[in-house]
Amino acid sequence: MFEVTIDKDKCTGCEECVDVCPSDVLEIVDGKSEVVEPEECLGCESCLEVCEAEAITVEEV
Ligand code: SF4
Ligand code: SF4
(Lines give C-alpha, C1' and ligand atoms only; values in the text may rest on other atoms or scores of the structure.)
(Ligands and ions follow the chains in the order given, each with its own letter.)
Protein backbone atom coordinates (compact mmCIF):
# COMPACT_ATOMS: atom_id res chain seq x y z
CA MET A 1 0.00 0.00 0.00
CA PHE A 2 1.16 3.53 -0.71
CA GLU A 3 0.72 6.76 1.16
CA VAL A 4 0.50 9.92 -0.94
CA THR A 5 1.08 13.25 0.76
CA ILE A 6 0.62 16.73 -0.71
CA ASP A 7 2.48 19.67 0.76
CA LYS A 8 -0.20 22.32 0.33
CA ASP A 9 2.25 25.13 1.01
CA LYS A 10 4.21 24.08 -2.08
CA CYS A 11 1.29 23.05 -4.32
CA THR A 12 0.39 25.64 -6.97
CA GLY A 13 -2.80 23.86 -8.05
CA CYS A 14 -1.47 23.31 -11.58
CA GLU A 15 -3.51 20.09 -11.85
CA GLU A 16 -0.73 18.12 -13.61
CA CYS A 17 -0.81 15.37 -10.98
CA VAL A 18 -4.59 15.03 -11.25
CA ASP A 19 -4.34 14.65 -15.03
CA VAL A 20 -1.52 12.11 -14.98
CA CYS A 21 -2.74 9.82 -12.18
CA PRO A 22 -4.11 6.59 -13.69
CA SER A 23 -6.19 5.83 -10.59
CA ASP A 24 -7.98 9.13 -9.85
CA VAL A 25 -6.30 9.35 -6.48
CA LEU A 26 -6.00 13.13 -6.64
CA GLU A 27 -8.41 16.00 -7.15
CA ILE A 28 -8.12 19.77 -6.99
CA VAL A 29 -10.00 21.00 -3.92
CA ASP A 30 -9.98 24.72 -3.10
CA GLY A 31 -7.17 25.31 -5.58
CA LYS A 32 -4.83 22.64 -4.22
CA SER A 33 -4.27 19.00 -4.95
CA GLU A 34 -5.90 16.70 -2.44
CA VAL A 35 -5.72 12.94 -1.92
CA VAL A 36 -9.35 11.83 -2.34
CA GLU A 37 -8.91 8.10 -3.01
CA PRO A 38 -5.82 7.12 -0.99
CA GLU A 39 -6.40 3.38 -1.22
CA GLU A 40 -6.36 3.51 -5.04
CA CYS A 41 -2.71 4.56 -5.34
CA LEU A 42 -0.56 2.19 -7.42
CA GLY A 43 2.75 3.72 -6.40
CA CYS A 44 3.60 4.52 -10.04
CA GLU A 45 5.15 7.87 -9.06
CA SER A 46 3.84 9.58 -12.23
CA CYS A 47 2.54 12.41 -10.06
CA LEU A 48 6.00 12.96 -8.60
CA GLU A 49 7.50 13.24 -12.06
CA VAL A 50 5.09 15.95 -13.26
CA CYS A 51 5.01 18.05 -10.10
CA GLU A 52 7.38 20.95 -10.69
CA ALA A 53 6.69 22.28 -7.20
CA GLU A 54 7.95 18.99 -5.67
CA ALA A 55 4.89 19.05 -3.44
CA ILE A 56 4.14 15.31 -3.55
CA THR A 57 5.63 12.40 -1.69
CA VAL A 58 4.71 8.76 -2.24
CA GLU A 59 5.75 6.30 0.41
CA GLU A 60 5.26 2.57 0.59
CA VAL A 61 3.62 1.71 3.91
S1 SF4 B 1 1.42 18.71 -9.79
FE2 SF4 B 1 2.19 19.49 -7.82
S3 SF4 B 1 1.82 21.69 -7.88
FE4 SF4 B 1 0.56 20.77 -9.49
S5 SF4 B 1 -1.45 20.42 -8.50
FE6 SF4 B 1 -0.24 18.54 -8.28
S7 SF4 B 1 0.76 18.73 -6.25
FE8 SF4 B 1 0.06 20.76 -6.87
S1 SF4 C 1 1.81 7.37 -7.45
FE2 SF4 C 1 0.64 7.02 -9.36
S3 SF4 C 1 -1.29 6.13 -8.66
FE4 SF4 C 1 -0.34 7.08 -6.87
S5 SF4 C 1 -1.20 9.14 -6.74
FE6 SF4 C 1 0.71 9.27 -7.92
S7 SF4 C 1 0.11 9.07 -10.07
FE8 SF4 C 1 -1.61 8.34 -8.82
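Everything below is about the structure printed above this text.
What you see is a predicted model; the values in this text were computed from it and never measured. (Residues numbered from 1 in each chain as written. Chains lettered and ligands numbered in written order. Predicted model: local features only at pLDDT ≥ 70, side-chain atom pairs only at ≥ 80, totals over all residues. Heavy atoms only, no water.)

Draft legend 1. How the structure looks around a negative patch on the surface. On the surface, Asp24, Glu27, Glu37, Glu39 and Glu40 cluster together to form a negatively charged patch. Within the element layout of this structure, glutamate 37 appears in the loop between β3 (32-35) and α2 (46-50). (Patch = residues over 30% accessible without salt bridge, like charges linked within 9 Å, V, L, I, M, F, W, Y side chains within 5 Å. Areas by Shrake-Rupley, 256 points an atom, 1.4 Å probe, with all protein chains shown as cover. Salt bridge = Lys/Arg side-chain N within 4 Å of Asp/Glu carboxyl O. Lys, Arg positive; Asp, Glu negative; His and termini not counted. Charge placed at Lys NZ, Arg CZ, Asp CG, Glu CD. Helix = DSSP H or I, 4+ residues; strand = E, 2+ residues; numbered from the N terminus.)

Draft legend 2. Region of the structure containing the side chain of serine 23. By the secondary structure assignment, serine 23 is in the loop between α1 (16-20) and β2 (26-29). On the accessibility criterion, serine 23 (16% relative accessible area) is buried. (Buried < 20%, exposed > 50% of the residue type's maximum accessible area, 1.4 Å probe, protein only.)

Draft legend 3. Examining the site of ligand 1 more closely. The local shell around ligand 1 consists of Cys11, Thr12, Gly13, Cys14, Glu15, Glu16, Cys17, Ile28, Ser33, Cys51, Ala53 and Ile56. Split by residue class, the shell around ligand 1 holds seven nonpolar, three polar and two charged. (Near = heavy atom within 4 Å. Nonpolar A, V, L, I, M, F, W, Y, C, P; charged D, E, K, R; others polar.)

Draft legend 4. Layout of the environment of leucine 42. Residue placement: leucine 42 occurs in the loop between β3 and α2. Classification of leucine 42 by relative accessible area gives exposed; the value is 55%. C-alpha separation for the pair leucine 42 and serine 23, spaced 19 residues apart in sequence, amounts to 7.4 Å. In this structure leucine 42 touches Phe2, Pro22 and Ser23, once residues within four positions along its chain are discounted. (Contact = heavy atoms within 4.5 Å.)

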